[in-house]
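Breakdown of the fold
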Amino acid sequence: MNLELTETQTLIRDTARKFARERVAPQARKFDKEEFFSVELFKELASLGLMGVNIPGQYGGAEAGTASYALAMMEMAAACASTSVAMAVTNMCGELIHKFGTEAQREKYVTRITSGEAVVGSFALSESHAGSDPRAMRTTAVRRGDKWVINGSKQWITSGAYAGVMVVWALTGGQGNKGISAFIVEGGTKGLIIGKHEDKMGLRASNTVSLTFEDMELPAENLLGKEGDGFKLAMIALDGGRIGIASQACGVARAALEASIRYAKDRKAFGQPIGEFQGLRFMLANMATELQAAELLTYRAAFLKDEGRPFTREASMAKLYASEMSNRAVDKAVQIHGGYGYIDEFPVERYFRDARVQTIYEGTSEVQRLVIARETFKLLD
């Protein structure tokens, strides 16, 4: 594993960094306060190749690899975690359709995602009673002639109100894991009902809604992969998605660290900058060390994925450590800022709220530990 960035990785990182700092960061506080979802911003991201970083060029992607995607996510999350989560889910949907879809599906749907025509993508797996255990889902899909008819509901769907393309999971009648299938759904499909935008603690500029399906009809060819393969597809997608959330966590933690360093240099107490006090310097040292450890775990998982090697355990390790590290970092950042860390004039208040969900979505920390333990036990099989 070479830790020196390639020319392509450097280009993707620098492109994402420039856009994040010049276009996203200046608006992040406004987006958060107004819960504003900027369609224009995501179309610009698509024009830069950042909505399909790991998708081949023939379908409009940047074809730059998972490591480049992780670097881009870190830059975007450092500017605005809400923007980064929509970017992450869109990349995940595009990759899933590219990997398991037919050529016709790739031409029709992947290109819509990478071009920005779809605005964003959505990943509709969770239900109100089926979060960590997708096998408990109740949404059904019944084959009627050349159509699939879907009934049920989904919960906590990122970008659901704006997604032009979404992947939806439903029960199709098999036993256990084989009873779940995945479908491609276009935004605006008859029978698709968008619920209210959730009033969240953090990621407030990220659109999160429930979805309801009332006799929603899909052409038979909108089945993604084979019937009964939906659970497998979801697990594969989540492995890659966890690299994205680990990257997001690293980006938020880095922003919190940099904000804390600036504040520690400027703020004075007892006649000197507070950054001169050993107790505070040790806090910053721990933040910096843990951040680098999380970045390395994330790069390792991305490297294995790019090499076509198993990366389930490494993705869960990266997601677990980075998300918990991020929560520790933002907590320290607020403490370093004192009273100012508790008001929204300083960005660490937003970082604190945005980081909290990182240990919950794309698999809770508890689920990550189960995955890591399961995969670790296999080492001696």
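Basis of the calculations
Numbering of residues starts from 1 in each chain and follows the order in which that chain's sequence is written. Whole-chain, interface and lining totals are the exception, using all residues; otherwise, since this is a predicted model, local features are given only for residues with pLDDT of at least 70 and side-chain atom pairs are given and counted only at 80 or more. Hydrogens and waters are ignored; side-chain quantities use all the structure's heavy atoms. UniProt positions are given in the numbering used here, feature names are shortened, and annotations may be inferred rather than shown by experiment. The numbering of helices and of strands both runs from the N terminus, where a helix is a DSSP run of H or I of at least 4 residues and a strand a run of E of at least 2. We compute the radius of gyration over the C-alpha atoms and compare it with the globule rule, which gives 2.2 Å times the number of residues raised to the power 0.38. Each residue gets one of three labels from its accessible area relative to the maximum for its type: buried under 20%, exposed over 50%, partly exposed in between, using a 1.4 Å probe on protein chains only. In this analysis, two residues are considered to be in contact whenever any of their non-hydrogen atoms come within 4.5 Å of each other. Using a 1.4 Å probe, accessible areas were evaluated by the Shrake-Rupley method; residue-level cover was limited to the displayed protein chains. The patches reported here contain residues having more than 30% relative accessible area and no salt bridge. Joining distances are 9 Å for like charges and 5 Å for nonpolar side chains (Val, Leu, Ile, Met, Phe, Trp, Tyr). Salt bridge, as used here: a side-chain nitrogen of Lys or Arg that lies within 4 Å of a carboxyl oxygen of Asp or Glu. Helix axes use the C-alpha atoms of the stretch in contact, all axes being lines fitted to C-alpha atoms, and the angles between their N-to-C directions lie in the range 0 to 180 degrees. Roughly parallel covers angles under 35 degrees, roughly antiparallel covers those over 145, roughly perpendicular covers 65 to 115, and oblique covers all other angles. Rotating anticlockwise by less than a right angle from the far helix to the near helix defines a left-handed crossing, while the corresponding clockwise rotation defines a right-handed one. Polarity classes work like this: nonpolar for Ala, Val, Leu, Ile, Met, Phe, Trp, Tyr, Cys and Pro, charged for Asp, Glu, Lys and Arg, and polar for all others, with Gly in that last group. The criterion is simple. A nonpolar core is a set of buried Ala, Val, Leu, Ile, Met, Phe, Trp, Tyr and Cys residues joined through side-chain atoms within 4.5 Å. Any pair of Phe, Tyr and Trp rings, taking the six-membered ring for Trp, is counted once the centres come within 6.5 Å. Such a pair is stacked with planes under 30 degrees apart, edge-to-face with planes over 60 apart, and tilted for the rest. To sit over a ring, a charge needs its Lys NZ or Arg CZ within 6 Å of the ring centre and within 35 degrees of the ring normal. Only four residue types enter the tally: Lys and Arg on the positive side, Asp and Glu on the negative side, with His and both chain ends excluded. We put the charge of a Lys on NZ, of an Arg on CZ, of an Asp on CG and of a Glu on CD.

Looking at an unreviewed UniProt entry, one finds the chain named Cyclohex-1-ene-1-carbonyl-CoA dehydrogenase and attributed to Archangium gephyra. The annotation that UniProt attaches to the chain under Cofactor (unreviewed entry) is "FAD". Regarding the chain, the UniProt comment filed under Sequence similarities (unreviewed entry) reads as follows: "Belongs to the acyl-CoA dehydrogenase family."

With that out of the way, let us pick up the overall build of the chain. Tallying secondary structure elements over the chain gives 10 helices and 10 strands in all. The globule rule puts the C-alpha radius of gyration for 381 residues at 21 Å, and the 21 Å found for the chain is close to it. For the C-alpha atoms alone, the extent of the chain along its principal axes is close to 80 × 50 × 40 Å. Burial analysis of the chain (381 residues in total) assigns 55% to the buried set. Put simply, 74% of the contacts in the chain that link residues at least 6 apart link residues at least 24 apart. As displayed, the chain offers around 16,800 Å² of accessible surface, 52% of which is attributable to carbon and sulfur atoms.

Together, Met1, Leu3 and Leu296 line one region of the surface with nonpolar side chains, adding up to about 300 Å² of accessible area. Considering the arrangement of structural elements, one finds leucine 296 in helix H7 (residues 278-306).

For the pair helix H6 (residues 230-266) and H7, the least separation of the axes is 9 Å and the interaxial angle reads 155°. Overall, the two elements H6 and H7 adopt an arrangement that is roughly antiparallel. For H6 against H7, the interelement crossing comes out left-handed. Side by side, H6 and H7 meet where Gly240, Ile243, Ala246, Ser247, Cys250, Ala253, Arg254, Ala256, Leu257, Ser260, Ile261 and Ala264 of the first sit next to Leu280, Leu284, Met287, Ala288, Leu291, Ala294, Glu295, Thr298, Ala301, Ala302 and Lys305 of the second. Looking at side-chain class alone, the contact of H6 with H7 contains 16 nonpolar, four polar and three charged residues.

So, about the nonpolar core. In summary, soluble globular proteins display a tendency toward joint burial of nonpolar side chains. Formed by 47 residues in total, the largest nonpolar core has its most connected members in Phe42, Leu50, Met76, Val120, Phe183 and Leu211. Residue assignment for this core shows that the elements contributing at least two residues are helix H1 (7-34), helix H2 (39-47), helix H3 (66-79), helix H4 (81-100), strand S3 (147-158), strand S4 (165-171), strand S5 (180-186) and strand S7 (208-219). The dominant element in this core, judged by the number of residues it contributes, is H1, at seven residues. If we ignore the near neighbours within four places in the chain, the residues touching phenylalanine 42 are Phe37, Met51, Thr83, Ala86, Met87, Val119 and Val120. Ala246, Ala256, Ala259 and Leu284 belong to the second largest nonpolar core, which has 36 residues in total.

Take the packing of aromatic side chains next. Taken as a whole and assessed by the stated rule, the structure comprises nine aromatic pairs. Where phenylalanine 31 meets phenylalanine 36, the ring centres are 5.6 Å apart and the plane angle is 35°; that geometry is what we call tilted. Its relative accessible area of 2% is what places phenylalanine 31 among the buried residues. Overall, phenylalanine 36 belongs to the partly exposed group, its relative accessible area being 36%. Ring geometry for tyrosine 263 versus phenylalanine 346: centroids 5.9 Å apart, planes at 90°, classification edge-to-face. You can see tyrosine 263 sitting in helix H6 and its partner phenylalanine 346 sitting in the loop between helix H8 (312-337) and helix H9 (348-355), a full 83 residues away along the chain. One aromatic cluster in this structure is built from Phe37, Phe42 and Tyr162. The aromatic ring of phenylalanine 36 is capped on one face by lysine 30, whose charged end is 5.0 Å from the ring centroid.

Glancing now at the side chain of glutamine 105. Relative to the helices and strands, glutamine 105 resides in helix H5 (residues 103-115). When neighbours within four sequence positions are excluded, glutamine 105 is seen to be in contact with Ile97, Val110, Ile184, Glu221, Asn222, Leu223 and Leu224.

What follows is about a negative patch on the surface. On the surface, a cluster of negative charge is made up of Asp146, Glu214, Asp215, Glu217 and Glu221. Tracing the backbone shows aspartate 215 in strand S7.

So, on to the environment of leucine 71. By secondary structure assignment, the location of leucine 71 is in helix H3. Considered as a pair, leucine 71 and isoleucine 12 are 59 residues apart in the sequence and their alpha carbons are 7.6 Å apart. Setting aside residues up to four positions removed in sequence, leucine 71 forms contacts with Leu5, Gln9, Arg13 and Tyr299.

In this section: the UniProt feature "domain: Acyl-CoA dehydrogenase/oxidase N-terminal" (unreviewed entry) in the chain. Using the residue numbers shown here, the UniProt feature "domain: Acyl-CoA dehydrogenase/oxidase N-terminal" (unreviewed entry) corresponds to residues 6-117. Secondary structure across residues 6-117 divides into 75% helix and 0% strand, with the first and last C-alpha atoms of the span separated by 30 Å.

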